[in-house]
Amino acid sequence: MDSVFSNPSPRVRRARSRSCTARTSRVDDSNDRTVEPLVSTEIFDHIKNINDPEHPYSLEQLDVVNRAGLLVEGWRVKVLFTPTVPSCSMVTLIGLSIRLKLSRVISKRFKVDITVYPGSHTSEVSVNKQLNDKERVAAAMENPNLVQKVDLCLSGKTAF
């Protein structure tokens, strides 16, 4: 069964981070008032426990996401992640899981950019284009099978 995985033996590390009590709403969406600035540690707390689609480990444990790959500048959130192998077939599913999780927990006023680290994936340019194109993301989220797999990742289960 391991032969179907793009990375049957991922390098797993112990999760080192502690939660900083991530909040779900940073902005009063009813008007333009900022309640409190959003910080990258809060973004990390929201995405670190997303499960890898193929393995029973979190994105943090597999070092797919880390604090160094997060940047918050005003209303823009940038998330860089590293697939476990350069040919990872689950890279778009991982990116969609990150995007959906953040869309559920931070204000819609934030512009979220999700990209793979430069040089970390063989299809880096097309993956980045897919993950940051609103129409493509919306179309993907209309696919019930894909939504089910993303929801499994967000619930802490493997998608396959």
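Residues numbered from 1 in each chain as written. Predicted model: local features only at pLDDT ≥ 70, side-chain atom pairs only at ≥ 80, totals over all residues. Heavy atoms only, no water.

**Comments concerning the sheet that holds strand S1 (residues 70-73)**
The three strands are arranged S1-S2-S3 in an open sheet whose pairing can be described as mixed. Of all the strands in the sheet, the pair left with one neighbour each is S1 and strand S3 (111-116). On average, adjacent strands in this sheet sit at an angle of 15° to one another, irrespective of strand direction. Alignment of strand S2 (residues 76-81) against S3, held across six bridges, turns out to be parallel. (Pairing = 2+ DSSP bridges. Helix = DSSP H or I, 4+ residues; strand = E, 2+ residues; numbered from the N terminus. Axes fitted to C-alpha atoms, helices over the stretch in contact; angles between N-to-C directions.)

**Here's the deal with the pairing of S2**
Only one face of S2 is covered, namely the face carrying Val 77, Val 79 and Phe 81; the face carrying Arg 76, Lys 78 and Leu 80 is uncovered. Bridging between S1 and S2 involves four bridges; their strand directions are antiparallel. The residue of S2 that forms the bridge with Val 72 is Val 77. Where S1 folds back on S2, the antiparallel hairpin that results is connected by two residues, among which Gly 74 adopts a positive phi of roughly 60°. (Buried < 20%, exposed > 50% of the residue type's maximum accessible area, 1.4 Å probe, protein only.)

**Digging into the confidence of the model for the protein chain**
Here the protein chain averages 85 in pLDDT, and 78% of its residues register 70 or above. The model gives residues 19-28 a pLDDT under 50, and that stretch makes 31 contacts with residues more than four places away or in other chains. (pLDDT = per-residue confidence, 0-100. Contact = heavy atoms within 4.5 Å.)

**Thoughts on the pattern of salt bridges**
What the rule picks out here adds up to six salt bridges. The closest approach of N and O atoms between Asp 113 and Arg 76, which form a salt bridge, is 2.6 Å. With a gap of 37 residues between them, Asp 113 in strand S3 and Arg 76 in strand S2 connect regions that are remote in the sequence. Of the charged contacts, one joins Arg 104 and Asp 151 as a salt bridge, the two residues approaching to 3.0 Å between their closest N and O atoms. In this pair, Arg 104 sits in helix H2 (residues 91-105) while Asp 151 sits in helix H5 (residues 144-154), placing the two residues 47 residues apart along the sequence. Classification of Arg 104 as partly exposed rests on a relative accessible area of 49%. Connected via shared salt-bridge partners are Arg 76, Lys 111 and Asp 113. (Salt bridge = Lys/Arg side-chain N within 4 Å of Asp/Glu carboxyl O.)

**Remarks on the nonpolar core**
Residues Val 79, Phe 81, Ile 98, Leu 102 and Ile 106 are the most contacted members of the largest nonpolar core, which totals 37 residues. When residues in this core are grouped by element, the largest group, eight residues, is from H2. Setting aside anything within four residues of it in sequence, one finds Leu 102 in contact with Ile 43, His 46, Ile 47, Val 79 and Val 112. (Core = buried A, V, L, I, M, F, W, Y, C linked by side-chain atoms within 4.5 Å.)

**Considering unusual backbone geometry**
Phi at Asp 63 takes a positive value of approximately 60°, unusual for a residue other than glycine. In this fold, Asp 63 is placed in the loop between helix H1 (40-47) and S1.

**Focus on H5**
Of all the positions in H5, only Val 150, Cys 153 and Leu 154 are classed as buried. Down the axis of H5, the buried side of the element spans an arc of 100°, and every buried residue falls inside it. Opposite its buried face, H5 presents the exposed residues Pro 144 and Asn 145, each directed more than 90 degrees away. If you check the start of H5, you find a side-chain oxygen 2.9 Å away from the backbone N of Asn 145, and it comes from Asn 143. Residue Gly 156 follows H5 closely and has a positive phi angle near 90°. (Arc of directions from axis to C-beta. Polar contact = N/O pair within 3.5 Å; in protein donor to acceptor, adjacent residues only side chain to side chain.)

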